[in-house]
Amino acid sequence: MPARNRRLPRDLSWPLTPSDIRAALGEQVADAADVSFVDQPRGDGTLLHVEWTPPISSNYGSGIHPALWYSVSIRVAPLPSTERAAARSVLREHALPELAAWIRAAQRAPEAWTLTRHSRSWRTAGSTAVCTDDRQPYR
């Protein structure tokens with residue numbers, strides 16, 4: 001992320017770039033996904049998070065716009081700059097292929113699965129990435 005676009009203090013960095021995500025997902029999937037970079041580290045160490053948006057409507061205007069139904073949102077959280085290189089390597093090798101597979105599976109999932117909210121999160125653990133589903137604690 002260019003320095004002029006940084007919203008982070010100098011001691012924090014995002015472990016992935018939009019190009020990393022685009023390369024892992026492919027152009028078509030990456031263009032359909034809502035990718036954002038949050039500016040606060042997550043307390044549980046999550047660095048990469050994806051969420052499936054089911055059709056949620058409301059008669060009171062608080063539902064999700066139908067254009068976002070059946071889509072995914074990807075969030076990348078920052079970490080200390082000194083840990084960026086190691087985390088980036090681990091996430092690119094382990095988490096991004098899993099992210100791409102999760103999104104492909106979500107797009108082909110049965111209707112019962114697609115009608116509810118689902119998520120997966122990754123954080124690093126040494127030289128690998130660990131994940132958790134649907135906001136459960138990491139093991």
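This text goes with the structure placed above it.
Keep in mind that this is a model prediction, so the values were computed, not measured. (Residues numbered from 1 in each chain as written. Predicted model: local features only at pLDDT ≥ 70, side-chain atom pairs only at ≥ 80, totals over all residues. Heavy atoms only, no water.)

Q: Sorry if this is basic, but what is going on with the packing of aromatic side chains here?
A: Any pair of aromatic rings gets described here by the distance separating the centres and the angle formed by the planes. Inspection of every chain in the model, using the stated rule, returns three aromatic pairs. Taken together, a centroid distance of 5.5 Å and an interplanar angle of 70° make the contact between Trp14 and Phe37 edge-to-face. With Trp14 in the loop between strand E1 (12-13) and helix H1 (18-25) and Phe37 in strand E2 (residues 34-37), this residue pair connects regions lying 23 residues apart in the sequence. When sorted by exposure, Trp14 lands in the same class as Phe37, which is buried. Ring centres of Trp102 and Trp113 lie 5.9 Å apart, and the angle between their planes is 70°; this geometry places the pair in the edge-to-face category. Pair noted here: Trp102 is in helix H3 (residues 84-107) and Trp113 is in helix H4 (residues 111-114), with a separation of 11 residues, a long-range link. Take Trp102: its relative accessible area is 10%, and that puts it in the buried class. Looking at Trp113, the relative accessible area reads 25%, which means it is partly exposed. Cluster of aromatic residues (ring-pair linked, three or more members): Trp52, Trp102 and Trp113. (Phe/Tyr/Trp six-rings, centres within 6.5 Å; stacked < 30°, edge-to-face > 60°. Helix = DSSP H or I, 4+ residues; strand = E, 2+ residues; numbered from the N terminus. Buried < 20%, exposed > 50% of the residue type's maximum accessible area, 1.4 Å probe, protein only.)

Q: Would you mind going over the sheet that holds strand E3 (residues 48-53) with me for this structure?
A: Backbone-to-backbone hydrogen bonds join strands into a sheet, with any given pair of strands oriented parallel or antiparallel. Strand order in this open sheet of five strands is E2-E4-E3-E6-E7, and the pairing throughout is mixed. Two strands in the sheet have a free side with no partner beyond their single neighbour: E2 and strand E7 (128-133). Adjacent strand axes in the sheet meet at a mean angle of 15° when their direction is disregarded. Pairing geometry for E3 and strand E4 (residues 71-76), over six bridges, is antiparallel. Within E4, the residue paired with His49 across the bridge is Arg75. (Pairing = 2+ DSSP bridges. Axes fitted to C-alpha atoms, helices over the stretch in contact; angles between N-to-C directions.)

Q: I would appreciate a short explanation of the environment of Thr114 in the present structure.
A: Within the secondary structure layout, Thr114 lies in helix H4. When the C-alpha positions of Thr114 and Pro55 are compared, they lie 8.3 Å apart, and in sequence the two are 59 residues distant. Sequence-distant contacts of Thr114, defined by excluding residues within four places in its chain, comprise Trp52, Pro54, Pro55, Tyr70, Ala106 and Ala109. (Contact = heavy atoms within 4.5 Å.)

Q: Sorry if this is basic, but what is going on with the nonpolar core here?
A: A general feature of soluble globular proteins is that nonpolar side chains tend to end up buried together. By size, the foremost hydrophobic cluster in this structure holds 30 residues, and its most contacted members are Leu25, Leu48, Val50, Ile74, Leu99, Ile103 and Trp122. Looking at this core, the elements that each hand over two or more residues are H1, helix H2 (27-32), E3, E4 and H3. Top element by residues in this core is H3. It accounts for 10 residues. Not counting residues within four places of it along the chain, the set of residues in contact with Ile103 comprises Leu25, Val29, Val50, Val72 and Ile74. (Core = buried A, V, L, I, M, F, W, Y, C linked by side-chain atoms within 4.5 Å.)

Q: Where do I start with unusual backbone geometry in this structure?
A: Trans peptide bonds make up most of the peptide bonds, and negative phi angles are found at most residues other than glycine. Of note, Asp134 is a non-glycine position whose phi angle comes to about 50°, a positive value. Note that Asp134 resides in the segment after E7. In this structure Asp134 comes out as partly exposed when scored by relative accessible area, which is 36%. Here Arg135, not a glycine, exhibits a phi torsion of approximately 60°, which is positive.

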